[in-house]
Amino acid sequence: MSAIDTAEPLEPQGDLSLLLVDDDEPHLARTTRALEAKGFKVACARNLSEARTAILIAPPAFAVIEIRLTDGQGLSVIRALLNHRPDSRAVILTAFGSIATAVAAVKLGAVDYLTKPADGNDLTAALMGQPLASGITPKPMTAHRARWEHIHRVLVLCNHNISEASRRLGLHRRTLQRILAKRAPR
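Residues numbered from 1 in each chain as written. Predicted model: local features only at pLDDT ≥ 70, side-chain atom pairs only at ≥ 80, totals over all residues. Heavy atoms only, no water.

### Side note on a positive patch on the surface
- Taken together, Arg147, Arg173, Arg174, Arg178 and Lys182 make up a surface patch of like positive charges.
- When residues in the positive patch are grouped by element, the largest group, three residues, is from helix α8 (residues 173-181).
- On the secondary structure map, arginine 173 appears in helix α8. (Patch = residues over 30% accessible without salt bridge, like charges linked within 9 Å, V, L, I, M, F, W, Y side chains within 5 Å. Areas by Shrake-Rupley, 256 points an atom, 1.4 Å probe, with all protein chains shown as cover. Salt bridge = Lys/Arg side-chain N within 4 Å of Asp/Glu carboxyl O. Lys, Arg positive; Asp, Glu negative; His and termini not counted. Charge placed at Lys NZ, Arg CZ, Asp CG, Glu CD. Helix = DSSP H or I, 4+ residues; strand = E, 2+ residues; numbered from the N terminus.)

This is how it looks when you write it as structure tokens:
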């Protein structure tokens, strides 16, 4: 247990039903244990169809959602959740963080956007709308990372149409494809 986990625990109260949507089994198990230790009543979904079914049966007060799932984008879970329970609070927890997806998630109604790994204290703080328990501040973005983020934001705005994005960016289509095939700079 780290020093962060031994910090004074946050005490959520009221309806503590929570839907955890993630297709990574080990992470799902770890996060479930951490959130149950904080008092949440966790229901798990491993894909979009399980998440939609869980929302239809009993819309939870809270949700922690992975962006990339095996059968689609987790952003659609936010939309479905807020349609069935407008007062619910959804947090995106992803290993594939980018500014474009963070903006899209917040526009859809997510209350926070965290990148993996996040501990139980950080998740609880995000769900309750409090400052992160870890106190970690993000590092400033490099110029290469800012360029990469801009390219991906334009690509999302073009609905992932490579030809349209290349026109808007002033890049040749193949150049854009080569850039997208590379790993994200740090």
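### With respect to the side chain of aspartate 22
- Relative to the helices and strands, aspartate 22 is located in the loop between β1 (17-21) and α1 (25-37).
- Here histidine 27 takes part through its side chain, which lies 3.0 Å from a polar atom of the side chain of aspartate 22.
- In this structure aspartate 22 touches His27, Leu28, Ala45, Arg46, Glu66, Leu69 and Lys116, once residues within four positions along its chain are discounted. (Polar contact = N/O pair within 3.5 Å; in protein donor to acceptor, adjacent residues only side chain to side chain. Contact = heavy atoms within 4.5 Å.)

### Section: the nonpolar core
- In terms of nonpolar packing, the biggest core is built from 22 residues, with Leu19, Val21, Ile65, Val77, Ile78, Ile92 and Ala105 touching the most fellow members.
- Residue assignment for this core shows that the elements contributing at least two residues are β1, α2 (48-57), β3 (62-65), α3 (75-84), β6 (89-94) and α4 (99-108).
- Top contributing element to this core by residue count: α3, with six residues.
- When neighbours within four sequence positions are excluded, valine 77 is seen to be in contact with Val21, Leu48, Ala51, Ile55 and Ile65.
- Listed in part, the 17 residues of the second largest apolar core include Leu35, Phe40, Leu93 and Leu127. (Core = buried A, V, L, I, M, F, W, Y, C linked by side-chain atoms within 4.5 Å. Buried < 20%, exposed > 50% of the residue type's maximum accessible area, 1.4 Å probe, protein only.)

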